[in-house]
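Letter by letter, the chains look like this.
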Amino acid sequence: MTLTDQAVREIPETKIRPELDGVPETLLWTLWNRACEARRPDSVLDDPMAQRLVDAIDYPFEERLGPPHPLFSQVQGLRSLVFDQAVQNYVATHPYATVVALGEGLETAFWRCDNGRLQWLSVELPEAAELRRRLLPEHPRHHIVSASVTDLGWLEEVRDRDKGCVVTAQGLFMYLRPAEVRSVLDACARELPGGALVLDSLPRWVTRATRQGKLTVGRLTIPPMHWSMAADERWKLTVGGQRFARVRGLTMPPGRGRLGWLIERQHKVPVFRSISPAVTEIRFR
C-alpha cells in the first residue's frame, strides 16, 4: 500500500463541517476544483486524497461554488502540478530538505511529492490549521504550524537548514499587502541561503476586480486581493533583492485538449501574458 493509499483510508468517514469565511474559505474552492479535475478519467493530476476530502467535508460545494468548470478545474490541477514539479526538482538535489508550504489550505502535495526523507511544514491561519489537523492523517515528517505567514516566527521551525529548504506560496501572496510580500521574501532570502521559493501571482486587473467586489465563483465573492504581479513584471522582485540568485518563470505542463493547449502557451503570447496568472521561482544566494 502506498503512502497516498494509506492516507486516503485514514481521512475521517464522518462528515466534518468547516467553520471558515473570508480568505480561509477560498481553500475550499481550490480543493473543489482539484477534486473535480482528479475525478476525470483523463485528469492532469492524480489526487485521490482531494476526492476523499470533498466527500468528508460537510459543505455545499456545488451549491456554493458552482458545478465543475472545465477551465477552472484544469487550471487548478496544472497549477498544483507545476508546484509539485518545482518542489521535486529542488528535492532531487536536496533529498533531506524541508518544504515549507505557506497557506497550504487542504493541498495534499506532501503525499504527492514525498521522497521518504524530506520534512514538510504547513503554515496556516488557526482556523485552517485546525481543519487540516481534523481531516488529514498525521505523519512524523509532516508538521502543521498555526500562525500567520506574516509573523515570520514560522522560520524558527525550519531545522537543519544546511540540508536545504524550498518554500511554496500557492494562492497566497495576492491576499497580502505589497510590504508584507516583500517582508516574507526578504526574510526567506536572509534566513534560508541556498533555498528556493515558488509563488503564483495574478495580474492587476484581477486583484482590482476583487477589491471592487466584482469577482465571484458561484455564490462566493472572492475576498479583496492587494498584491499583483503579471509575468512581465517579475523584474520587480529583483529590486532590492540582492540575496536573489535567480528569478525565473515556470510554465504550466501540457494540459488536456484545446484548453490545455491554451493554458500551456498563454505566456508565449504577449497579449495573454499580461493578463494571465504567473508562477515564479526564486533561488536564494
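Residues numbered from 1 in each chain as written. Predicted model: local features only at pLDDT ≥ 70, side-chain atom pairs only at ≥ 80, totals over all residues. Heavy atoms only, no water.

## Let's talk about the overall build of the protein
What counts, and what does not: Helix numbering and strand numbering both begin at the N terminus, where a helix is a DSSP run of H or I of at least 4 residues and a strand a DSSP run of E of at least 2. Only the C-alpha atoms count toward the radius of gyration. The rule for a globule is 2.2 Å times the residue count to the power 0.38. Buried residues are those whose accessible area, probed at 1.4 Å on protein chains only, stays under 20% of the maximum for their type, while exposed residues exceed 50% and partly exposed ones sit between those limits. By definition in these notes, contact holds between two residues if any of their heavy atoms fall within 4.5 Å. Here the accessible surface of atoms and residues is derived via Shrake-Rupley with a 1.4 Å probe, and residues count as covered only by protein chains that are part of the display.
Along the backbone of the protein there are 11 helices and nine strands. Here the C-alpha radius of gyration of the protein, 18 Å, is about what a compact globule of 285 residues would show, namely 19 Å. On the principal axes, the C-alpha backbone points of the protein span a range of 50 × 45 × 35 Å. For the protein, buried positions account for 53% of its 285 residues. Across the protein, contacts joining residues at least 24 apart in sequence account for 74% of those joining residues at least 6 apart. Surface accessibility of the protein: about 13100 Å² in total, with carbon and sulfur atoms responsible for 51%.

## Side note on the packing of aromatic side chains
Given two aromatic rings, their pairing is described by the distance between the two centres and the angle made by the two planes. What counts is decided by this rule: Any Phe, Tyr or Trp ring, taking Trp's six-membered ring, that has another such ring centre within 6.5 Å forms a pair; planes under 30 degrees apart are called stacked, those over 60 apart edge-to-face, and the others tilted. A positively charged side chain is recorded as over a ring if its NZ (Lys) or CZ (Arg) lies within 6 Å of the ring centre. The angle to the ring normal must also be within 35 degrees.
In the structure shown here, the tally under the stated rule is seven aromatic pairs. Where tyrosine 59 meets phenylalanine 61, the ring centres are 5.0 Å apart and the plane angle is 70°; that geometry is what we call edge-to-face. Residue phenylalanine 61 is classed as buried on the basis of its relative accessible area, which comes to 4%. Arranged with centres 6.1 Å apart and planes meeting at 90°, the rings of phenylalanine 173 and tryptophan 227 form a pair that is edge-to-face. In this pair, phenylalanine 173 sits in the loop between β4 (165–169) and α8 (178–191) while tryptophan 227 sits in the loop between β7 (220–221) and β8 (244–250), placing the two residues 54 residues apart along the sequence. Residue classification places tryptophan 227 among the buried positions, given a relative accessible area of 9%. The rings of Trp32, Tyr59 and Phe61 are connected pair by pair, giving a single aromatic cluster. Against the face of tyrosine 96 rests arginine 117, its NZ or CZ located 5.5 Å from the ring centre.

## Some thoughts on a nonpolar patch on the surface
Which entries qualify depends on this criterion: Patches here: salt-bridge-free residues with over 30% relative accessible area, like charges joined within 9 Å, nonpolar side chains (Val, Leu, Ile, Met, Phe, Trp, Tyr) joined within 5 Å. One side-chain nitrogen of Lys or Arg within 4 Å of one carboxyl oxygen of Asp or Glu is enough to make a salt bridge.
On the surface, a cluster of nonpolar side chains totalling about 210 Å² of accessible area is made up of Leu71, Phe72 and Leu259. For leucine 259, a relative accessible area of 31% gives the class partly exposed.

## A look at the nonpolar core
Operational definition: Nonpolar core, defined: a set of buried Ala, Val, Leu, Ile, Met, Phe, Trp, Tyr and Cys residues in which side-chain atoms within 4.5 Å join the residues together.
Judged by nonpolar contacts, the single largest core of 59 residues is most densely connected at Leu28, Leu31, Ile57, Phe61, Leu106, Trp120 and Leu135. Not counting residues up to four positions away in its chain, the partners in contact with leucine 28 are Pro18, Leu20, Ile57, Tyr59, Phe61, Leu65 and Leu106.

## What to know about the sheet that holds strand β3 (residues 142–146)
Operational definition: Two strands qualify as a pair provided that DSSP identifies no fewer than 2 bridges between them. Note on geometry: axes are C-alpha line fits, over the in-contact stretch for helices, and angles between N-to-C directions span 0 to 180 degrees.
Read across the sheet, seven strands follow the order β3-β2-β1-β4-β5-β9-β8 without closing on themselves; strand pairing throughout is mixed. This sheet does not close on itself; its edge strands, each paired only once, are β3 and β8. For this sheet the average axis-to-axis angle between neighbouring strands, irrespective of direction, equals 20°. In the sheet, strand β1 (residues 98–102) pairs with β4 via five bridges, with the strands oriented parallel. Opposite leucine 102, over in β4, you have alanine 169 as the bridge partner. With respect to the sheet, helix α7 (residues 126–135) is in contact with β2 (119–124) and β3, its orientation differing from that of β3 by roughly 150°.

## Here's the deal with the packing of helix α2 (residues 26–38) against helix α3 (residues 48–56)
Where we set the bar: For this classification, under 35 degrees means roughly parallel, over 145 means roughly antiparallel, 65 to 115 means roughly perpendicular, and everything else is oblique. Left-handed describes a crossing in which the near helix is turned anticlockwise from the far one by less than a right angle; the clockwise case is right-handed.
Between α2 and α3, the shortest axis-to-axis distance is 8 Å and the interhelical angle comes to 120°. Taken together, the axes of α2 and α3 are oblique relative to one another. Considering how the two elements wind past one another, α2 and α3 form a crossing that is left-handed. For the pair formed by α2 and α3, the contact residues are Leu31, Trp32, Arg34, Ala35 and Ala38 on the first element and Ala50, Gln51, Leu53 and Val54 on the second.

## Some thoughts on α7
Note the following rule: Picture the helix axis, draw a direction to every C-beta atom, and the arc is the one those directions span.
Those residues of α7 lying buried are Ala128, Ala129, Leu131, Arg132 and Leu135. Down the axis of α7, the smallest arc covering the buried residues is 160°, so these residues share one side. Those residues of α7 that are buried are in contact with α2, α3, α6 (109–113), β2 and β3.

## Things to note about α3
For α3, the full list of buried residues reads Met49, Ala50, Arg52, Leu53, Val54 and Ala56. Along its buried surface, α3 packs onto α1 (3–10), α2, α4 (61–65), α6 and α7.

So, to be careful, I would describe these as geometric facts and stop short of saying anything about function.
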